[in-house]
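Analysis of the macromolecular model
This is what each chain is made of:
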Amino acid sequence: PSSAQPSPAARVARISILQPAATVAAELAAFGPDTVYGLPSALLEAAEALAARGVRLRVRRVFTSGELLRPAARQAIAGAFGARVFDVYGSSDTKEVAWECPAGGMHVNADVVRLEVLDDASRPVPDGVEGNLVATLLVNRAMPLLRYRIGDRGSLLTERCDCGHPFPLLGVVTGRRADVMVLA
């Protein structure tokens, strides 16, 4: 029948961020998404391109992942899309390690990953103290990762979230600790 609802998969569009921001913006505007998920930097560029076209998308929610979400970027993305921004923390190897709930807590996916915070000598640090994030995946049988150093720094928190979810909370992830070579 003609009144049948399209399947949820029919309302999904994958838009490559490897295109110019103006192309990404045009595809977003044409699709009219309810929810947007992407890298913070790519969403900021798309938002600027949408603004340049005079288009303001109104979405219900925005999810970011893949980069450190700084407060200024969160605010700019929320303003550009007119929606609340929820961050998802993970890596290519571990997938989603933690997710932000509506109350603002960053919940560790404790049913699929055991997350530890260690100092530079691989000793556990107290809750609330920043250190190296180390993950053990509990569900990946194809490629087991045991005490895998993600490469990011963060902390685990002792307090519970106002949302009532029982999973532990991840403190602020301060990003990668990496060697850098500065050229002339």
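The structure under discussion appears in the preceding block.
Residues numbered from 1 in each chain as written. Predicted model: local features only at pLDDT ≥ 70, side-chain atom pairs only at ≥ 80, totals over all residues. Heavy atoms only, no water.

What about helix α2 (residues 40–52)?
With 13 residues, α2 should cover 18 Å at 1.5 Å per step; its first-to-last C-alpha distance of 18 Å lies within 8% of that length. The positive-phi residue at the C-terminal boundary of α2 is Gly54, with phi of around 75 degrees. (Helix = DSSP H or I, 4+ residues; strand = E, 2+ residues; numbered from the N terminus. Expected span 1.5 Å × (residues − 1).)

So, the pattern of salt bridges
What the rule picks out here adds up to eight salt bridges. The salt bridge involving Arg147 is made with Glu116; its shortest N-O contact spans 2.9 Å. In this pair, Arg147 is assigned in the loop between β7 (131–137) and β8 (148–154) and Glu116 in strand β6 (residues 113–118), connecting sequence segments 31 residues apart. Exposure remark for Arg147: the relative accessible area of 47% places this residue in the partly exposed category. A relative accessible area of 12% places Glu116 in the buried class. For Asp119, the salt bridge identified is with Arg123, shortest N-O distance 3.0 Å. Connected through shared salt-bridge partners, Asp34, Arg60 and Arg61 make up one network. (Salt bridge = Lys/Arg side-chain N within 4 Å of Asp/Glu carboxyl O. Buried < 20%, exposed > 50% of the residue type's maximum accessible area, 1.4 Å probe, protein only.)

Here we look at helix α1 (residues 21–31)
Along α1, the residues classified as buried are Val24, Ala25 and Leu28. What you see down the axis of α1 is that its buried residues fit within an arc of 100 degrees, all on one side. Among the structural elements, β1 (35–38), α2 and α3 (71–81) are those in contact with the buried residues of α1. (Arc of directions from axis to C-beta. Contact = heavy atoms within 4.5 Å.)

Quick look at the packing of aromatic side chains
Under the criterion given, the structure shown has two aromatic pairs. Each residue in the set Tyr37, Phe63 and Phe86 is aromatic and connected to the rest through ring pairs, giving one cluster. (Phe/Tyr/Trp six-rings, centres within 6.5 Å; stacked < 30°, edge-to-face > 60°.)

Examining unusual backbone geometry
In this structure, Lys95 takes a positive phi of about 60 degrees despite not being glycine. Tracing the sequence through the fold places Lys95 in strand β4 (residues 95–100). In this structure, Arg147 is a non-glycine residue whose phi angle is positive, near 50 degrees.

Side note on the side chain of Ser155
Within the secondary structure, Ser155 sits in the loop between β8 and β9 (156–157). Judged by relative accessible area, which is 8%, Ser155 ranks as buried. Aside from chain neighbours lying at most four places away, what touches Ser155 is Val117, Gly128, Val129, Glu130, Leu133, Leu169, Leu170, Gly171 and Val172.

Geometric descriptors of this kind do not, in isolation, establish any biological role.
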